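Next come the chains, spelled out residue by residue.
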Amino acid sequence: DAGITQSPRHKVTETGTPVTLRCHQTENHRYMYWYRQDPGHGLRLIHYSYGVKDTDKGEVSDGYSVSRSKTEDFLLTLESATSSQTSVYFCAITSGTDQPQHFGDGTRLSIL
Amino acid sequence: GDSVTQMEGPVTLSEEAFLTINCTYTATGYPSLFWYVQYPGEGLQLLLKATKADDKGSNKGFEATYRKETTSFHLEKGSVQVSDSAVYFCALSEHSGTYKYIFGTGTRLKVLA
């Protein structure tokens, strides 16, 4: 299995607080992605990275920011969490876009 | 833009029944195609892939053929088991310089003993 770890696995927080989710990989893959999964919507891309300090927006990027200061770590930040950001968040990595992605186990985030 | 459409679920089958989950796509160029499976509480796992027209991906008794003429990548299995109960996602990777993957909304499969 690809070495990809998400932390925390579960988090409950209050509206208006900042939240940071971490994705850590040991595969030295160039590409990293953050998705959210909600019933009826499948997987929706939030942000992705195609190299250190190289990131771009996905289809649901509003309210989220990312950073990638080194190959192995990709951070997703909710600057001021809202209840609509309650979701399961998945990180994925790949060595190239003709290759499959490998997914972490997800972070279940509840914002009250 | 590119898109993936897969059949609505849930699909409920008896053990040993034949499974088909339909997936069609729209894409510019020649995407790679994937099927993923997700078990409760887990992330998505790659089930199979195909990278060019007429390629057949296969794994654990599941098969799918990349049909460029019908822009389809239907998932099939000849005899399902209770342990195959999960959500299945069809996906493509764009080869247009955007580095993105597009996923279908998922099809839930329930297999009854």
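Residues numbered from 1 in each chain as written. Chains lettered and ligands numbered in written order. Predicted model: local features only at pLDDT ≥ 70, side-chain atom pairs only at ≥ 80, totals over all residues. Heavy atoms only, no water.

**Q** In this structure, what is going on with the state of the cysteines? I would like to understand it.
**A** Disulfide: a covalent bond connecting the sulfur atoms of a pair of cysteines. All names here are of chain A. Inspection of every chain in the model, using the stated rule, returns 2 disulfides over all chains. Between the sulfur of Cys23 and that of Cys91 lies a disulfide, 1.9 Å long from S to S. Where Cys23 bonds to Cys91 through sulfur, the torsion about that S-S bond is close to -75°, and the disulfide is left-handed. With Cys23 in strand S3 (residues 19-25) and Cys91 in strand S9 (residues 87-94), this pair connects stretches of sequence that are 68 residues apart. Take Cys23 and Cys91: they sit in the same class, and that class is buried. (Disulfide = S-S within 2.5 Å. Helix = DSSP H or I, 4+ residues; strand = E, 2+ residues; numbered from the N terminus. Buried < 20%, exposed > 50% of the residue type's maximum accessible area, 1.4 Å probe, protein only.)

**Q** Explain unusual backbone geometry here, please?
**A** Glycine aside, residues mostly have negative phi angles, and peptide bonds mostly take the trans form. The amide bond that connects A:Ser7 to the next residue, A:Pro8, takes the cis arrangement and shows omega of -10°. Cis geometry is adopted by the peptide bond preceding B:Pro10, which originates at B:Gly9 and carries an omega value of -5°.

**Q** Hey, could you run me through the pairing of strand S6 (residues 44-50) of chain B in this one?
**A** Looking along a regular strand, one sees the side chains alternate between the two faces of the sheet. Residues and elements named next belong to chain B. Relative to S6, strand S5 (residues 32-38) runs antiparallel, the two sharing 6 bridges. The residue of S6 that forms the bridge with Trp35 is Leu48. In sequence, S5 turns back onto S6 through a hairpin of 5 residues, with Gly41 there showing a positive phi of about 75°. (Pairing = 2+ DSSP bridges.)

**Q** Whenever I open this one, the sheet that holds strand S8 (residues 73-78) of chain A confuses me. Can you help?
**A** All names here are of chain A. With antiparallel pairing, 4 strands are arranged side by side in an open sheet as S1-S3-S8-S7. The two strands at the open ends of the sheet, each matched to only one other strand, are strand S1 (4-7) and strand S7 (64-70). Along the sheet, successive strands turn relative to each other by an average axial angle of 15°, direction set aside. (Axes fitted to C-alpha atoms, helices over the stretch in contact; angles between N-to-C directions.)

**Q** Could you clarify how one ought to interpret the packing of aromatic side chains in this entry?
**A** Counting across every chain of the model gives 17 aromatic pairs over all chains. Note on A:Phe103 and B:Tyr36: the rings are 5.6 Å apart at their centroids and 85° apart in plane angle, and the pair reads as edge-to-face. With A:Phe103 in strand S10 (residues 102-103) and B:Tyr36 in strand S5, this residue pair bridges two chains. With respect to burial, A:Phe103 and B:Tyr36 carry one shared label: buried. Relative to B:Tyr36, the ring of B:Phe34 lies with its centre 6.2 Å away and its plane at 45°, an arrangement referred to as tilted. Look at B:Phe34 and you get buried, because its relative accessible area is 0%. The class of B:Tyr36 is buried, set by a relative accessible area of 0%. Following the ring pairs from residue to residue traces out a cluster consisting of A:Tyr31, A:Tyr33, A:Tyr35, A:Tyr48, A:Tyr50, A:Phe103, B:Phe34, B:Tyr36, B:Tyr99, B:Tyr101 and B:Phe103. (Phe/Tyr/Trp six-rings, centres within 6.5 Å; stacked < 30°, edge-to-face > 60°.)

**Q** Looking at this model, I keep getting lost on the interface of chain A and chain B. Mind explaining?
**A** How big an interface is tends to be reported as the loss of accessible area on association of its parts. On the side of chain B, 22 residues touch chain A, which itself brings 25 residues to the contact. Interface area, chain A with chain B, both sides summed: about 1700 Å², of which 58% is carbon and sulfur. When the buried area of chain A at its contact with chain B is split by residue, A:Leu43, A:Thr97 and A:Pro100 rank highest and sum to 27% of it. Our count for the contact surface shared by chain A and chain B stands at 0 salt bridges. Run the count over chain A and chain B and you get 8 residue pairs in polar contact (both at pLDDT 80 or more). Put simply, the parts of the chain that give the side of chain A that touches chain B at least two residues each are strand S4 (31-38), strand S5 (42-51) and S9 of chain A. Split by residue class, the side of chain A that touches chain B holds 10 nonpolar, 10 polar and 5 charged. (Contact = heavy atoms within 4.5 Å. Buried area = accessible area lost by both parts, 1.4 Å probe. Salt bridge = Lys/Arg side-chain N within 4 Å of Asp/Glu carboxyl O. Polar contact = N/O pair within 3.5 Å; in protein donor to acceptor, adjacent residues only side chain to side chain. Nonpolar A, V, L, I, M, F, W, Y, C, P; charged D, E, K, R; others polar.)

What is shown is where atoms sit, not what they do.
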